Amino acid sequence: MLEGRPFKGKFYLITGGGSGLGLEISKTLASYGAGIYIIGRDKEKLSRAKSQIEDLGSECGYFSVDIREYETVRGIIDNVFSSYGIDGLVNNAAGNFISRTEDLSMNAFLSVINIVLNGSINITLETGKKWIEKKRKGSVLSILTTYAETGSGFVVPSAAAKGGLNAFTKSIAVEWGPKGIRANGIAPGPFKTEGAWKNLIPDQSFEDYLVNKNPMKRLGNVEEIAELAAFLLSDYSSFINGEVIRIDGGEFLKGSGQFNDLSILSDEQWENLKSRREKK
Ligand code: HXC
């Protein structure tokens, strides 16, 4: 989508970059010339991702660590900034599962909140401090979800964490904007990645339900998010700050408009309504 290699000479760090959406974003940024650092838990996945990124002609380094190991992550940021550092950060790593809330332990809540909210805050805070100390510009992109705004039943730890990350992202956008640091979010609707589907989609009928209720009658493709991510991290969006862009085929709005579900009416029912009106 972007012209040429707008990220040439720049470096980006993507959490959860070894697979799924994180890998797609990493590859897209690499195809536009960026050097990439990825963080993830699975060393084998990271190593495979590194090869794919290098095949696109970019440099790639990886760190095998759980982003809940806050001290280790701070050490990694220190290490990265002891050389060139990074120009942007993508808070993509997530944890999530479906459950009735009354079935959850506090540990279940913490396992998700410690990844999604505290992990993202830890790494953003450390990176932001470096950018400010070195008087460098930077861009933070947080992968949220459409329910970060509304909350959602049955994924309550994730809703609480993403809601917090939504507020954090918008808050630092305003506070750090004058220092040349932008912060934006992407709020995806249904995108079929291995991690999300394994943890969130109980069976095929629920996937069919998601497709059917979407105005575009399909799921999203990860490349669609990756291109948006590239745009939001690039200088093409240098005046976009503190925004969360929804990318869901209109699913969110469909759920809000009171009469949207009138699409269930048949042509015959519409004709009947029309003739009732004409008789008046
Ligand atoms: C109820 C559960 C549970 C489940 C774990 N727990 N899974 N409770 N239902 N399905 C509870 C455990 O019983 C335990 O509590 C606590 O959570 C920690 O569990 P662990 O397995 O020890 O945790 P851990 O190994 O740290 O794994 C973290 C995780 C896991 C979040 C639970 O799912 C994970 O690593 N996920 C990463 C990948 C992922 O989730 N990707 C999806 C992101 S998609 P007790 O009390 O027993 O100790 C996404 C998109 C949103 O977020 C939008 C979609 C449309």
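The structure this text deals with has already been given above.
Presented here is an overview of the structure given in this document. Worth saying up front: this structure is predicted, and the values here are computed from it rather than measured. (Residues numbered from 1 in each chain as written. Predicted model: local features only at pLDDT ≥ 70, side-chain atom pairs only at ≥ 80, totals over all residues. Heavy atoms only, no water.)

### Looking at the sheet that holds strand E2 (residues 35–40)
Strand order across the open sheet formed by 7 strands is E3-E2-E1-E4-E5-E6-E7, with parallel pairing between neighbours. Taken across any chain shown, the strands that pair with only one partner, and hence form the sheet edges, are strand E3 (60–64) and strand E7 (244–247). Within this sheet the neighbouring strands show an average axis-to-axis angle of 15°, counted without direction. Where helix H2 (residues 43–54) meets the sheet, its contacts fall on E2 and E3, and the angle it forms with E3 comes to roughly 170°. Strands strand E5 (138–143), strand E6 (181–188) and E7 of the sheet are contacted by helix H6 (residues 156–176), whose axis makes an angle of about 155° with E6. (Pairing = 2+ DSSP bridges. Helix = DSSP H or I, 4+ residues; strand = E, 2+ residues; numbered from the N terminus. Axes fitted to C-alpha atoms, helices over the stretch in contact; angles between N-to-C directions. Contact = heavy atoms within 4.5 Å.)

### Regarding the packing of aromatic side chains
What characterises a pair of aromatic rings is the spacing of the ring centres plus the angle enclosed by the ring planes. Under the criterion given, the structure shown has 6 aromatic pairs. For the ring pair Phe-11 and Tyr-37, a centre distance of 5.9 Å and an interplane angle of 35° mean the geometry is tilted. Of this pair, Phe-11 sits in strand E1 (residues 11–15) while Tyr-37 sits in strand E2, placing them 26 residues apart in sequence. No difference in accessibility class separates Phe-11 from Tyr-37, as the two residues are buried. Taken together, the ring pairs connect Phe-11, Tyr-37, Phe-63 and Tyr-84 into an aromatic cluster. A cation sits over an aromatic face here: Arg-136 above Tyr-84, 4.6 Å from the ring centre. A cation sits over an aromatic face here: Arg-246 above Phe-252, 3.9 Å from the ring centre. (Phe/Tyr/Trp six-rings, centres within 6.5 Å; stacked < 30°, edge-to-face > 60°. Buried < 20%, exposed > 50% of the residue type's maximum accessible area, 1.4 Å probe, protein only. Lys NZ or Arg CZ within 6 Å of the ring centre and 35° of its normal.)

### A word on the nonpolar core
Counting residues in hydrophobic clusters, the biggest one holds 36 residues, and the most contacted among them are Leu-13, Ile-39 and Ile-86. Looking at this core, the elements that each hand over two or more residues are E1, E2, helix H3 (70–82), helix H4 (106–133), H6 and E6. With 9 residues, the top contributor of residues to this core is H4. Each residue touching Ile-86, except ones within four places of it in the same chain, is listed here: Phe-11, Tyr-12, Leu-13, Tyr-37, Val-80, Phe-81, Thr-127, Trp-131 and Arg-136. (Core = buried A, V, L, I, M, F, W, Y, C linked by side-chain atoms within 4.5 Å.)

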